[in-house]
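Descriptive analysis of the structure
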Amino acid sequence: MSNFCSGDNDGTQQLATKGLHGYSSPFRSLLDAAIDIVSQGSSSKASVEMKIFQTVQGHQGIPNILNLGGFIIPRPMCISSDLKDVQVCNGYYETRNKLTCKSVIEPRVQNYWIISTKGESLIGAKPYDIARAALDGIIGHFNLFLIGYLHQDVSYDSIYKMPKAVQRSRDDIQKTNICFSHPKLQKTSKFNFLLEHMSECSGFIVDGDQAVEWRKGREAGRHRSGTLPFMSYRITRGWILDEFILHTAIDDLESFAWVVLWCALHKLENPSKLEALWIERLTADELRHVLGGKISIIFDLSKKSAIRTLTFSKPLVLLLPLVSKWLSVAREAAERLDTFLRDFVEDSPHETLEDVITDSVFANEENGLYDQLKDMCIGVYAEYLQAGVGFLKSRMERPTAKPTA
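All of the points below concern the structure found in this document.

Criteria and cut-off values
- Residues numbered from 1 in each chain as written.
- Predicted model: local features only at pLDDT ≥ 70, side-chain atom pairs only at ≥ 80, totals over all residues.
- Heavy atoms only, no water.
- Helix = DSSP H or I, 4+ residues; strand = E, 2+ residues; numbered from the N terminus.
- Buried < 20%, exposed > 50% of the residue type's maximum accessible area, 1.4 Å probe, protein only.
- Contact = heavy atoms within 4.5 Å.
- Areas by Shrake-Rupley, 256 points an atom, 1.4 Å probe, with all protein chains shown as cover.
- Phe/Tyr/Trp six-rings, centres within 6.5 Å; stacked < 30°, edge-to-face > 60°.
- Lys NZ or Arg CZ within 6 Å of the ring centre and 35° of its normal.
- Core = buried A, V, L, I, M, F, W, Y, C linked by side-chain atoms within 4.5 Å.
- Salt bridge = Lys/Arg side-chain N within 4 Å of Asp/Glu carboxyl O.
- Axes fitted to C-alpha atoms, helices over the stretch in contact; angles between N-to-C directions.
- Parallel < 35°, antiparallel > 145°, perpendicular 65-115°, else oblique.
- Nonpolar A, V, L, I, M, F, W, Y, C, P; charged D, E, K, R; others polar.
- Pairing = 2+ DSSP bridges.
- Left-handed = near helix turned anticlockwise from the far one by under 90°.
- Arc of directions from axis to C-beta.

Focus: the overall build of the protein chain
- If you tally the helices and strands in the protein chain, you get 14 helices and 10 strands.
- The buried share among the 405 residues of the protein chain stands at 50%.
- The long-range share in the protein chain, meaning contacts at least 24 apart out of those at least 6 apart in sequence, stands at 77%.
- Of the roughly 19400 Å² that the protein chain leaves accessible, carbon and sulfur atoms contribute 50%.

Observations regarding the packing of aromatic side chains
- Within the structure shown, the criterion is met by 14 aromatic pairs.
- Ring plane angle 55 degrees and centroid distance 6.0 Å describe the contact between Phe344 and Phe362, whose orientation is recorded as tilted. Of the two residues, Phe344 is situated in helix 11 (residues 314-346) and Phe362 in helix 13 (residues 360-363); the sequence distance between them amounts to 18 residues. Of the two residues examined, Phe344 and Phe362, each falls in the buried class.
- Through pairs of rings, three or more aromatic residues link up here, namely Phe142, Phe145, Phe191, Phe193, Trp214, Tyr370 and Tyr381.
- Over the face of the ring belonging to Trp258 we find Lys294, whose NZ or CZ atom lies 5.3 Å from the ring centre.

Some points on the nonpolar core
- One finds Phe142, Phe145, Phe191, Leu261, Trp278, Trp326 and Leu369 to be the most contacted residues of the largest nonpolar core, which totals 100 residues.
- Ranked by residue count, the leading element in this core is helix 11, at 16 residues.
- With near-sequence residues (within four places) excluded, Phe145 lies in contact with Trp214, Ala249, Lys374, Cys377, Ile378 and Tyr381.

Things to note about the environment of Val389
- Residue placement: Val389 occurs in helix 14 (residues 369-397).
- Look at Val389 and you get buried, because its relative accessible area is 9%.
- Separated by 193 residues in the primary sequence, Val389 and Glu196 have C-alpha atoms spaced 9.3 Å apart.
- Each residue touching Val389, except ones within four places of it in the same chain, is listed here: Leu135, Phe193, Leu194 and His197.

Quick notes on the pattern of salt bridges
- This structure, assessed with the given rule, holds 10 salt bridges.
- Put simply, Glu196 and Lys393 hold a salt bridge, and the shortest N to O gap is 3.9 Å. One end of the pair, Glu196, is in the loop between helix 5 (178-181) and strand 9 (200-205); the other, Lys393, is in helix 14, and 197 residues separate them in sequence.
- Given the relative accessible area of 57%, Glu196 is considered exposed.
- You can call Lys393 partly exposed: its relative accessible area is 37%.

Examining unusual backbone geometry
- The phi angle at Gln152 is positive, at roughly 75 degrees, despite the residue not being glycine.
- Structurally, Gln152 can be placed in the loop between strand 7 (149-150) and strand 8 (159-167).
- On the accessibility criterion, Gln152 (6% relative accessible area) is buried.
- One non-glycine residue with positive phi stands out, namely Asp242, at about 55 degrees.
- Note on placement: Asp242 falls in the loop between helix 6 (233-240) and helix 7 (249-265).

Examining the packing of helix 3 (residues 127-146) against helix 11
- At a minimum axis distance of 9 Å, the contact between helix 3 and helix 11 shows a crossing angle of 25 degrees. The pairing of helix 3 with helix 11 is recorded here as roughly parallel in orientation. The residues of helix 11 that touch helix 3, namely those facing Pro127, Ile130, Ala131, Ala134, Leu135 and Ile138, are Pro315, Leu318, Leu319, Leu322 and Trp326.
- By residue class, the composition of the contact of helix 3 with helix 11 is 11 nonpolar, no polar and no charged.

Some remarks on the pairing of strand 9
- When you tally the buried positions in strand 9, you get 5 out of 6 residues, the bulk of the element.
- Examined bridge by bridge, strand 8 and strand 9 share 5 bridges and lie antiparallel to one another. Within the sheet, the bridge partner assigned to Gln167 lies in strand 9 and is Glu200.

Describing helix 6
- When we look at burial in helix 6, the residues that qualify are Arg234, Ile235, Thr236, Gly238 and Trp239.
- Close packing links the buried residues of helix 6 with helix 7, helix 9 (287-302) and helix 11.
- Just downstream of helix 6, Asp242 is the residue with a positive phi angle, here 55 degrees.

What about the packing of helix 6 against helix 9?
- Contact geometry for helix 6 and helix 9: axes closest at 10 Å, N-to-C directions at 145 degrees. Judged by the twist between their axes, the crossing of helix 6 over helix 9 is left-handed. Every residue of helix 9 that contacts helix 6 at Tyr233, Thr236, Arg237, Trp239 and Ile240 is listed here: Leu287, Arg288, Leu291, Lys294 and Ile295.
- Looking at the contact of helix 6 with helix 9 residue by residue, the class counts come to 6 nonpolar, 1 polar and 3 charged.

A look at helix 8 (residues 273-282)
- Listed as buried for helix 8 are Glu275, Trp278 and Leu282. What you see down the axis of helix 8 is that its buried residues fit within an arc of 55 degrees, all on one side. Exposed side of helix 8, more than 90 degrees from the buried face: Lys273 and Glu280 are the residues found there.

Topic: the environment of Ser348
- Tracing the sequence through the fold places Ser348 in the loop between helix 11 and helix 12 (353-358).
- For Ser348, a relative accessible area of 14% corresponds to the buried category.
- Separated by 15 residues in the primary sequence, Ser348 and Ala363 have C-alpha atoms spaced 9.9 Å apart.
- Beyond its immediate chain neighbours, meaning those up to four positions away, Ser348 contacts Val356 and Phe362.

Here it is, written out as C-alpha coordinates:
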(Lines give C-alpha, C1' and ligand atoms only; values in the text may rest on other atoms or scores of the structure.)
Protein backbone atom coordinates (compact mmCIF):
# COMPACT_ATOMS: atom_id res chain seq x y z
CA MET A 1 0.00 0.00 0.00
CA SER A 2 1.58 3.25 -1.06
CA ASN A 3 1.98 6.17 1.33
CA PHE A 4 0.76 8.79 -1.10
CA CYS A 5 1.02 11.63 1.39
CA SER A 6 4.51 10.82 2.62
CA GLY A 7 6.80 13.71 3.46
CA ASP A 8 10.37 14.05 2.23
CA ASN A 9 12.71 11.23 3.17
CA ASP A 10 15.20 13.82 4.45
CA GLY A 11 12.69 14.82 7.10
CA THR A 12 12.34 11.25 8.31
CA GLN A 13 16.11 10.85 8.39
CA GLN A 14 16.50 14.02 10.40
CA LEU A 15 13.93 12.72 12.86
CA ALA A 16 15.99 9.57 13.31
CA THR A 17 19.32 11.39 13.69
CA LYS A 18 18.38 14.62 15.47
CA GLY A 19 15.53 13.54 17.70
CA LEU A 20 12.46 15.73 18.17
CA HIS A 21 14.16 19.11 18.41
CA GLY A 22 16.08 21.46 16.17
CA TYR A 23 14.01 21.21 13.03
CA SER A 24 14.17 23.86 10.37
CA SER A 25 10.80 25.09 9.07
CA PRO A 26 10.53 22.61 6.13
CA PHE A 27 10.41 19.73 8.60
CA ARG A 28 8.20 21.23 11.27
CA SER A 29 5.23 19.31 9.91
CA LEU A 30 6.83 16.17 11.28
CA LEU A 31 5.98 17.57 14.69
CA ASP A 32 2.54 18.77 13.63
CA ALA A 33 1.17 15.44 14.81
CA ALA A 34 -2.39 14.91 15.90
CA ILE A 35 -2.59 15.51 19.66
CA ASP A 36 -4.37 12.88 21.67
CA ILE A 37 -5.46 13.63 25.22
CA VAL A 38 -5.69 10.39 27.17
CA SER A 39 -6.26 9.32 30.76
CA GLN A 40 -3.13 9.77 32.85
CA GLY A 41 -1.16 6.59 33.27
CA SER A 42 -2.76 4.91 30.26
CA SER A 43 -1.95 5.27 26.57
CA SER A 44 -4.58 2.80 25.37
CA LYS A 45 -6.70 5.47 23.73
CA ALA A 46 -3.70 6.89 21.89
CA SER A 47 -2.82 3.40 20.69
CA VAL A 48 -6.34 2.94 19.36
CA GLU A 49 -6.19 6.28 17.56
CA MET A 50 -2.87 5.39 15.94
CA LYS A 51 -4.19 1.97 14.96
CA ILE A 52 -7.25 3.52 13.32
CA PHE A 53 -5.19 5.75 11.04
CA GLN A 54 -2.57 3.10 10.33
CA THR A 55 -5.33 0.74 9.14
CA VAL A 56 -6.10 3.10 6.25
CA GLN A 57 -2.55 4.18 5.38
CA GLY A 58 -2.27 5.14 1.72
CA HIS A 59 -5.92 6.14 1.47
CA GLN A 60 -7.03 9.54 0.21
CA GLY A 61 -7.29 12.11 2.99
CA ILE A 62 -5.25 10.07 5.50
CA PRO A 63 -1.76 11.14 6.70
CA ASN A 64 1.27 8.88 6.80
CA ILE A 65 2.09 7.92 10.39
CA LEU A 66 5.72 7.22 11.23
CA ASN A 67 6.07 3.86 12.94
CA LEU A 68 8.07 5.28 15.83
CA GLY A 69 5.46 5.01 18.54
CA GLY A 70 4.11 7.97 20.44
CA PHE A 71 5.62 10.12 23.13
CA ILE A 72 4.05 11.73 26.16
CA ILE A 73 4.55 15.36 27.09
CA PRO A 74 5.36 15.38 30.84
CA ARG A 75 2.87 18.12 31.59
CA PRO A 76 -0.37 17.03 33.27
CA MET A 77 -3.66 18.44 32.08
CA CYS A 78 -6.74 18.20 34.26
CA ILE A 79 -9.86 18.34 32.13
CA SER A 80 -13.48 17.63 32.97
CA SER A 81 -15.33 15.40 30.52
CA ASP A 82 -18.67 17.08 31.21
CA LEU A 83 -19.47 20.80 31.05
CA LYS A 84 -22.17 20.52 33.70
CA ASP A 85 -21.30 21.77 37.19
CA VAL A 86 -17.82 22.72 36.06
CA GLN A 87 -15.76 25.50 37.52
CA VAL A 88 -12.19 26.57 36.79
CA CYS A 89 -9.98 26.43 39.85
CA ASN A 90 -6.29 27.38 39.73
CA GLY A 91 -6.12 26.58 36.03
CA TYR A 92 -7.72 23.16 36.40
CA TYR A 93 -11.20 22.11 35.37
CA GLU A 94 -13.13 20.85 38.34
CA THR A 95 -16.35 18.81 38.26
CA ARG A 96 -18.57 18.52 41.30
CA ASN A 97 -19.83 15.01 41.99
CA LYS A 98 -23.61 15.25 42.37
CA LEU A 99 -23.80 12.39 44.91
CA THR A 100 -20.98 13.35 47.26
CA CYS A 101 -20.88 17.09 46.49
CA LYS A 102 -17.12 16.71 46.28
CA SER A 103 -15.03 18.05 43.44
CA VAL A 104 -13.74 15.48 40.97
CA ILE A 105 -10.78 16.37 38.75
CA GLU A 106 -10.06 14.17 35.76
CA PRO A 107 -6.26 14.04 35.24
CA ARG A 108 -4.98 13.71 31.67
CA VAL A 109 -1.73 14.05 29.78
CA GLN A 110 -0.87 14.98 26.21
CA ASN A 111 0.20 12.07 24.03
CA TYR A 112 1.67 12.81 20.58
CA TRP A 113 2.16 10.59 17.58
CA ILE A 114 4.13 11.72 14.57
CA ILE A 115 3.18 11.99 10.91
CA SER A 116 5.49 12.58 7.98
CA THR A 117 2.78 14.13 5.81
CA LYS A 118 3.41 17.84 5.50
CA GLY A 119 0.35 19.85 6.41
CA GLU A 120 -0.62 23.49 6.79
CA SER A 121 -3.49 25.10 8.64
CA LEU A 122 -6.62 26.05 6.70
CA ILE A 123 -6.69 29.38 8.52
CA GLY A 124 -5.33 31.94 6.07
CA ALA A 125 -5.40 29.52 3.13
CA LYS A 126 -6.80 30.47 -0.27
CA PRO A 127 -10.53 29.72 -0.71
CA TYR A 128 -9.92 27.08 -3.40
CA ASP A 129 -7.33 25.32 -1.21
CA ILE A 130 -9.73 25.33 1.75
CA ALA A 131 -12.44 23.67 -0.36
CA ARG A 132 -10.07 21.05 -1.81
CA ALA A 133 -8.59 20.15 1.56
CA ALA A 134 -12.06 19.89 3.11
CA LEU A 135 -13.18 17.60 0.30
CA ASP A 136 -10.15 15.35 0.76
CA GLY A 137 -10.85 15.44 4.50
CA ILE A 138 -14.36 14.11 3.82
CA ILE A 139 -12.90 11.30 1.69
CA GLY A 140 -10.52 10.43 4.54
CA HIS A 141 -13.44 10.55 6.98
CA PHE A 142 -15.41 8.26 4.64
CA ASN A 143 -12.56 5.74 4.52
CA LEU A 144 -12.50 5.69 8.33
CA PHE A 145 -16.29 5.29 8.47
CA LEU A 146 -16.22 2.29 6.13
CA ILE A 147 -13.78 0.41 8.38
CA GLY A 148 -16.11 1.05 11.31
CA TYR A 149 -14.91 4.28 12.94
CA LEU A 150 -16.58 7.66 13.42
CA HIS A 151 -14.27 10.66 13.96
CA GLN A 152 -16.70 12.76 16.08
CA ASP A 153 -14.54 15.91 16.29
CA VAL A 154 -14.21 17.53 12.86
CA SER A 155 -12.81 21.06 13.24
CA TYR A 156 -10.46 23.44 11.44
CA ASP A 157 -7.69 21.97 13.61
CA SER A 158 -8.31 18.40 12.40
CA ILE A 159 -8.14 19.13 8.66
CA TYR A 160 -4.91 20.20 6.99
CA LYS A 161 -4.01 21.23 3.49
CA MET A 162 -0.85 19.98 1.83
CA PRO A 163 1.71 22.51 0.52
CA LYS A 164 1.81 20.61 -2.75
CA ALA A 165 -0.77 18.17 -4.09
CA VAL A 166 0.41 14.57 -4.48
CA GLN A 167 -0.35 12.83 -7.77
CA ARG A 168 -2.06 9.43 -7.79
CA SER A 169 -2.74 6.87 -10.52
CA ARG A 170 -6.24 5.50 -11.12
CA ASP A 171 -5.05 1.99 -10.31
CA ASP A 172 -3.59 3.19 -7.00
CA ILE A 173 -6.80 5.06 -6.17
CA GLN A 174 -9.03 2.05 -6.73
CA LYS A 175 -6.77 -0.35 -4.86
CA THR A 176 -6.10 1.77 -1.79
CA ASN A 177 -9.44 3.42 -1.04
CA ILE A 178 -12.19 1.53 0.71
CA CYS A 179 -14.88 3.58 -1.05
CA PHE A 180 -13.93 1.55 -4.15
CA SER A 181 -12.83 -1.76 -2.61
CA HIS A 182 -15.51 -2.11 0.10
CA PRO A 183 -17.70 -5.17 -0.60
CA LYS A 184 -20.87 -3.09 -0.45
CA LEU A 185 -19.58 -0.61 -3.04
CA GLN A 186 -17.15 -2.66 -5.14
CA LYS A 187 -19.74 -3.75 -7.72
CA THR A 188 -21.31 -0.33 -8.08
CA SER A 189 -20.16 2.86 -9.76
CA LYS A 190 -21.64 5.06 -7.03
CA PHE A 191 -18.39 6.87 -6.32
CA ASN A 192 -16.71 6.72 -9.71
CA PHE A 193 -17.29 10.45 -10.04
CA LEU A 194 -14.45 10.84 -7.51
CA LEU A 195 -11.77 9.24 -9.69
CA GLU A 196 -10.76 12.43 -11.49
CA HIS A 197 -10.66 14.47 -8.28
CA MET A 198 -8.66 11.79 -6.46
CA SER A 199 -5.90 11.90 -9.05
CA GLU A 200 -4.46 14.48 -6.65
CA CYS A 201 -4.46 14.57 -2.86
CA SER A 202 -4.46 18.05 -1.34
CA GLY A 203 -5.58 17.55 2.26
CA PHE A 204 -6.06 15.10 5.10
CA ILE A 205 -7.84 14.57 8.41
CA VAL A 206 -6.16 13.93 11.78
CA ASP A 207 -6.93 14.08 15.51
CA GLY A 208 -9.05 10.99 16.11
CA ASP A 209 -8.93 10.99 19.90
CA GLN A 210 -12.75 11.13 20.03
CA ALA A 211 -13.22 8.40 17.41
CA VAL A 212 -15.48 5.49 18.27
CA GLU A 213 -16.45 2.20 16.70
CA TRP A 214 -19.86 3.33 15.56
CA ARG A 215 -21.43 -0.14 15.40
CA LYS A 216 -20.66 -0.92 19.02
CA GLY A 217 -23.10 -0.16 21.81
CA ARG A 218 -22.20 3.14 23.43
CA GLU A 219 -22.52 4.07 27.03
CA ALA A 220 -25.68 6.06 27.58
CA GLY A 221 -24.73 9.49 28.83
CA ARG A 222 -24.74 13.20 28.20
CA HIS A 223 -21.12 13.56 27.13
CA ARG A 224 -20.84 15.35 23.79
CA SER A 225 -18.03 14.94 21.32
CA GLY A 226 -16.94 17.79 19.10
CA THR A 227 -15.69 21.37 19.03
CA LEU A 228 -18.53 23.80 19.70
CA PRO A 229 -18.45 26.07 16.61
CA PHE A 230 -18.36 23.03 14.31
CA MET A 231 -20.82 20.70 16.00
CA SER A 232 -23.93 19.89 14.00
CA TYR A 233 -27.19 21.67 14.67
CA ARG A 234 -28.86 18.52 16.05
CA ILE A 235 -25.96 17.71 18.40
CA THR A 236 -25.85 21.31 19.68
CA ARG A 237 -29.63 21.43 20.13
CA GLY A 238 -29.65 18.06 21.89
CA TRP A 239 -26.96 19.27 24.27
CA ILE A 240 -29.00 22.34 25.21
CA LEU A 241 -32.15 20.25 25.76
CA ASP A 242 -30.17 17.54 27.58
CA GLU A 243 -31.46 14.92 25.16
CA PHE A 244 -29.82 11.65 24.19
CA ILE A 245 -28.58 12.17 20.62
CA LEU A 246 -26.93 9.45 18.54
CA HIS A 247 -23.84 11.02 16.98
CA THR A 248 -23.61 9.85 13.35
CA ALA A 249 -21.54 10.46 10.23
CA ILE A 250 -24.31 12.84 9.13
CA ASP A 251 -23.40 15.10 12.07
CA ASP A 252 -19.69 14.95 11.26
CA LEU A 253 -20.37 15.82 7.63
CA GLU A 254 -22.24 18.97 8.66
CA SER A 255 -19.14 19.93 10.65
CA PHE A 256 -17.16 20.18 7.40
CA ALA A 257 -19.52 22.92 6.22
CA TRP A 258 -18.99 24.90 9.42
CA VAL A 259 -15.21 24.44 9.09
CA VAL A 260 -15.18 25.90 5.57
CA LEU A 261 -17.35 28.82 6.69
CA TRP A 262 -15.16 29.41 9.75
CA CYS A 263 -11.99 29.49 7.67
CA ALA A 264 -13.57 31.90 5.18
CA LEU A 265 -14.72 34.22 7.97
CA HIS A 266 -11.24 34.24 9.49
CA LYS A 267 -9.74 35.55 6.25
CA LEU A 268 -11.74 38.76 6.49
CA GLU A 269 -9.86 41.92 7.41
CA ASN A 270 -12.91 44.19 7.40
CA PRO A 271 -16.01 42.02 7.87
CA SER A 272 -19.43 43.45 7.10
CA LYS A 273 -21.96 43.81 9.92
CA LEU A 274 -23.57 40.50 8.96
CA GLU A 275 -20.21 38.72 8.79
CA ALA A 276 -19.19 40.21 12.15
CA LEU A 277 -22.47 38.92 13.63
CA TRP A 278 -21.79 35.43 12.28
CA ILE A 279 -18.29 35.47 13.77
CA GLU A 280 -19.61 36.70 17.11
CA ARG A 281 -22.25 33.96 17.29
CA LEU A 282 -20.01 31.10 16.20
CA THR A 283 -17.31 32.07 18.72
CA ALA A 284 -19.72 32.59 21.61
CA ASP A 285 -19.25 30.66 24.85
CA GLU A 286 -22.97 30.17 25.41
CA LEU A 287 -24.45 27.15 23.68
CA ARG A 288 -27.70 29.01 23.00
CA HIS A 289 -25.88 31.83 21.23
CA VAL A 290 -23.95 29.38 19.05
CA LEU A 291 -27.14 27.51 18.19
CA GLY A 292 -28.97 30.77 17.45
CA GLY A 293 -26.12 31.84 15.21
CA LYS A 294 -26.25 28.60 13.26
CA ILE A 295 -30.02 28.88 12.84
CA SER A 296 -29.57 32.42 11.52
CA ILE A 297 -26.81 31.41 9.10
CA ILE A 298 -28.76 28.42 7.81
CA PHE A 299 -31.82 30.64 7.29
CA ASP A 300 -29.84 33.37 5.54
CA LEU A 301 -28.19 30.93 3.16
CA SER A 302 -31.41 29.02 2.47
CA LYS A 303 -32.65 31.98 0.43
CA LYS A 304 -31.70 31.50 -3.21
CA SER A 305 -30.84 35.16 -3.64
CA ALA A 306 -28.76 35.41 -0.45
CA ILE A 307 -25.33 35.38 -2.11
CA ARG A 308 -26.40 38.04 -4.65
CA THR A 309 -28.34 40.35 -2.34
CA LEU A 310 -26.48 40.21 0.99
CA THR A 311 -23.15 41.96 1.49
CA PHE A 312 -20.26 39.53 1.72
CA SER A 313 -16.50 39.93 1.42
CA LYS A 314 -14.52 38.29 -1.36
CA PRO A 315 -13.20 35.15 0.43
CA LEU A 316 -16.69 34.42 1.72
CA VAL A 317 -18.35 35.00 -1.65
CA LEU A 318 -16.02 32.48 -3.25
CA LEU A 319 -16.88 29.74 -0.74
CA LEU A 320 -20.54 30.48 0.03
CA PRO A 321 -21.92 28.38 -2.85
CA LEU A 322 -20.23 25.32 -1.34
CA VAL A 323 -21.18 26.17 2.25
CA SER A 324 -24.76 26.88 1.23
CA LYS A 325 -25.07 23.58 -0.64
CA TRP A 326 -23.50 21.54 2.13
CA LEU A 327 -25.74 23.13 4.79
CA SER A 328 -28.76 22.43 2.59
CA VAL A 329 -27.72 18.78 2.36
CA ALA A 330 -27.10 18.77 6.12
CA ARG A 331 -30.57 20.12 6.92
CA GLU A 332 -32.37 17.60 4.73
CA ALA A 333 -30.19 14.69 5.89
CA ALA A 334 -30.77 15.55 9.57
CA GLU A 335 -34.53 15.56 9.00
CA ARG A 336 -34.36 12.14 7.33
CA LEU A 337 -32.13 10.83 10.11
CA ASP A 338 -34.41 11.99 12.93
CA THR A 339 -37.47 10.57 11.16
CA PHE A 340 -35.72 7.24 10.59
CA LEU A 341 -34.57 6.97 14.23
CA ARG A 342 -38.02 7.88 15.56
CA ASP A 343 -39.75 5.33 13.32
CA PHE A 344 -37.18 2.65 14.15
CA VAL A 345 -37.72 3.06 17.90
CA GLU A 346 -41.50 2.96 17.47
CA ASP A 347 -41.24 -0.35 15.59
CA SER A 348 -38.74 -1.83 18.06
CA PRO A 349 -39.36 -3.59 21.38
CA HIS A 350 -37.57 -0.77 23.16
CA GLU A 351 -38.98 2.43 24.65
CA THR A 352 -36.23 4.86 23.69
CA LEU A 353 -33.35 5.28 21.27
CA GLU A 354 -31.05 5.14 24.27
CA ASP A 355 -32.33 1.64 25.02
CA VAL A 356 -31.83 0.57 21.39
CA ILE A 357 -28.21 1.77 21.37
CA THR A 358 -27.49 0.07 24.68
CA ASP A 359 -28.79 -3.23 23.26
CA SER A 360 -25.90 -3.66 20.82
CA VAL A 361 -26.99 -7.19 19.82
CA PHE A 362 -30.39 -5.91 18.71
CA ALA A 363 -28.93 -2.82 17.01
CA ASN A 364 -26.50 -4.98 15.01
CA GLU A 365 -29.06 -7.47 13.72
CA GLU A 366 -29.06 -7.97 9.95
CA ASN A 367 -30.86 -5.05 8.32
CA GLY A 368 -31.15 -3.60 11.80
CA LEU A 369 -30.39 -0.10 13.06
CA TYR A 370 -26.74 0.04 12.09
CA ASP A 371 -27.14 -1.60 8.68
CA GLN A 372 -29.86 0.87 7.73
CA LEU A 373 -27.94 3.78 9.23
CA LYS A 374 -24.85 2.82 7.25
CA ASP A 375 -26.80 2.83 3.97
CA MET A 376 -28.25 6.23 4.81
CA CYS A 377 -24.84 7.69 5.69
CA ILE A 378 -23.20 6.35 2.51
CA GLY A 379 -25.89 8.15 0.51
CA VAL A 380 -25.22 11.41 2.38
CA TYR A 381 -21.46 11.07 1.83
CA ALA A 382 -22.23 10.83 -1.90
CA GLU A 383 -24.29 14.05 -1.73
CA TYR A 384 -21.52 16.00 0.01
CA LEU A 385 -18.81 14.66 -2.28
CA GLN A 386 -20.80 15.33 -5.46
CA ALA A 387 -21.48 18.88 -4.31
CA GLY A 388 -17.79 19.38 -3.49
CA VAL A 389 -16.53 17.99 -6.79
CA GLY A 390 -19.08 20.07 -8.68
CA PHE A 391 -18.03 23.22 -6.83
CA LEU A 392 -14.34 22.69 -7.56
CA LYS A 393 -15.03 22.03 -11.23
CA SER A 394 -17.05 25.25 -11.48
CA ARG A 395 -14.17 27.19 -9.93
CA MET A 396 -11.71 25.69 -12.42
CA GLU A 397 -13.97 26.45 -15.34
CA ARG A 398 -14.40 30.09 -14.23
CA PRO A 399 -10.98 31.13 -12.92
CA THR A 400 -11.48 34.75 -13.85
CA ALA A 401 -14.95 35.12 -12.31
CA LYS A 402 -15.09 38.23 -10.13
CA PRO A 403 -17.12 37.93 -6.92
CA THR A 404 -19.16 40.88 -5.75
CA ALA A 405 -18.31 43.05 -2.80
